[in-house]
Every structure is written in C-alpha cells, then in structure tokens.
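# Tertiary structure, described
The primary structure of each chain is shown beneath.
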Amino acid sequence: MFLNINFNPEIEKTILLSKPLTDWFAKNQNTMAYFELIHMGCLHFEESSMASNDIRVLGRMANAALTCLEGEFQLTQEERASKAAQAIAIIYESEKEDLNETSQELYSINVEGLEKDETQEIVIKKVLSKHNGIKNRRPGKGHRRH
C-alpha cells in the first residue's frame, strides 16, 4: 500500500504494521484525502448540514485512527497501529446500522486477533456521544499551512 501524498508520510510505516489497518486505509484513503480527513482533529463535517451521515462517520473514524497514529503518546508503533484499528472498529460497530451498504463494506475493519482495549472503547464512546472537538467552521478549506 502506498499512502496518499496528502497524509503525513511518517504514519505509513506504522499503518503497515497492522494488516487490518493497512486494508482499511487502502479502501478509504482516497475518499479521506478528497474530504480533507487527513490529520487528527479532522471533524470539520460533524456539524455540517451539507455532509451525509456516511461522511461524518468516516470523519470520526479518520480522526480516531489518525489521533492514535499521530498523537503524542508514549506508545510503540505496533501499539499505535493496534489502537488505531481498534478505534475504527469501535466507531464502525456503533454506527454501522446508519450507514448505506457501500459505506458498510468500505468502512468495515477486521480486528480479530487484536487485543481489545476497554479503556479506549470507553473514551471513544464518550467522544461519540458528545460529537465535540471542531472549531474549524470552514469545511473544504485547508487545515495545514504549507
């Protein structure tokens, strides 16, 4: 897998440490890049009335995964990859009933065999219940300064 050039290139080697995460990014990275869901904090569609629920869910999944991959945590790369895959799976499980069939297929992630982290699940559920975090009210505009 080659990560889309819009993402932080440092995370590719971490993504490749987890087959489920690699497969998920391979399926979704172009859509994520198109909608600028390419870095942690990418919840700019959360309050947009113009965005479909499927894009909002992808934004939540991208934000959770990229926060695990890019965040300032004292974790190994393997732990980051595992937590990112788990975060995607938790959000998918809580939102899959509201997704269309195509999105259900694209957003699904196979995390069998990965160690489950109960604390992370609680944190992610709290974030999902609040739908907090966005300050950028300019959807579609760049978030990074080049």
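Residues numbered from 1 in each chain as written. Predicted model: local features only at pLDDT ≥ 70, side-chain atom pairs only at ≥ 80, totals over all residues. Heavy atoms only, no water.

## What to know about the overall build of the chain
The line we're drawing: Going along the chain from the N terminus, every DSSP run of H or I of four or more residues is numbered as a helix, and every run of E of two or more is numbered as a strand. Partly exposed residues are those whose accessible area sits between 20% and 50% of the maximum for their type, while under 20% is buried and over 50% is exposed, using a 1.4 Å probe and protein chains only. The accessible surface values rely on the Shrake-Rupley method and a 1.4 Å probe; as for residues, cover is taken only from the protein chains in view.
Along the backbone of the chain there are six helices and zero strands. Here the chain, with 146 residues, has 46% of them falling under the buried criterion. Per element, the accessible surface of the chain, about 8700 Å² overall, is 51% carbon and sulfur.

## Details of the environment of Ile-38
Residue placement: Ile-38 occurs in the loop between α2 (19-34) and α3 (53-70). Overall, the relative accessible area of 11% leaves Ile-38 in the buried class. A C-alpha to C-alpha distance of 9.2 Å links Ile-38 and Gly-59, two positions 21 residues apart in sequence.

## Observations regarding the packing of α2 against α3
How we decide: With axes taken as lines fitted to C-alpha atoms, and helix axes fitted only over the stretch in contact, angles between N-to-C directions fall between 0 and 180 degrees. Oblique is the label for any angle not under 35 degrees, not over 145, and not in the 65 to 115 range, which are roughly parallel, roughly antiparallel and roughly perpendicular in turn. Each crossing is labelled by how the near helix is turned from the far one, with a counterclockwise turn of less than a right angle marking it left-handed and a clockwise turn marking it right-handed. Working rule for contacts: check all heavy atoms of both residues, and any pair within 4.5 Å makes them a contact. Side-chain classes are defined by residue name, with Ala, Val, Leu, Ile, Met, Phe, Trp, Tyr, Cys and Pro counting as nonpolar, Asp, Glu, Lys and Arg as charged, and the others, Gly among them, as polar.
Running from amino to carboxyl end, α2 crosses α3 at an angle of 125°, the nearest separation of the two axes being 12 Å. Considering their axes alone, α2 and α3 lie oblique with respect to each other. As α2 packs across α3, the resulting crossing turns out to be left-handed. Here Leu-21, Trp-24, Phe-25, Asn-28, Thr-31 and Met-32 of α2 lie close against α3, whose contacting residues are Leu-58, Met-61, Ala-62, Leu-66 and Leu-69. Of the residues belonging to the contact of α2 with α3, the class tally is nine nonpolar, two polar and no charged.

## Observations concerning α2
Test applied: To estimate how far a helix should reach, multiply one less than its number of residues by 1.5 Å.
With 16 residues, α2 extends 23 Å from end C-alpha to end C-alpha; this agrees with the ideal 22 Å at 1.5 Å per step. Looking at α2, one finds that the buried residues are Pro-20, Leu-21, Thr-22, Trp-24, Phe-25, Asn-28, Gln-29, Met-32 and Ala-33. Positive phi appears at Glu-36, one or two residues downstream of α2, with a value of about 60°.

## Regarding the packing of aromatic side chains
Our working definition: Classification of ring pairs rests on two measures: the distance between centres of Phe, Tyr or Trp rings, Trp counted by its six-membered ring, which must be within 6.5 Å, and the angle between planes, read as stacked under 30 degrees, edge-to-face over 60 and tilted in between.
According to the stated counting rule, one finds four aromatic pairs in the structure shown. Residues Trp-24 and Phe-25 carry aromatic rings whose centres are separated by 5.4 Å and whose planes lie at 85° to one another, so their mutual orientation is edge-to-face. Here Trp-24 falls in the buried class, since its relative accessible area comes to 0%. Cluster of aromatic residues (ring-pair linked, three or more members): Phe-7, Trp-24 and Phe-25.

## Digging into the packing of α3 against helix α4 (residues 77-95)
In the contact formed by α3 and α4, the axes pass within 8 Å of each other and the chain directions differ by 160°. Relative to α4, the element α3 lies roughly antiparallel. Like other packed secondary-structure pairs, α3 and α4 cross with a definite hand, here right-handed. Contacts between α3 and α4 pair Val-57, Arg-60, Met-61, Ala-64, Ala-65, Cys-68, Leu-69 and Glu-70 from the former with Arg-80, Ala-81, Lys-83, Ala-84, Ala-87, Ile-88, Ile-91, Tyr-92 and Glu-95 from the latter.

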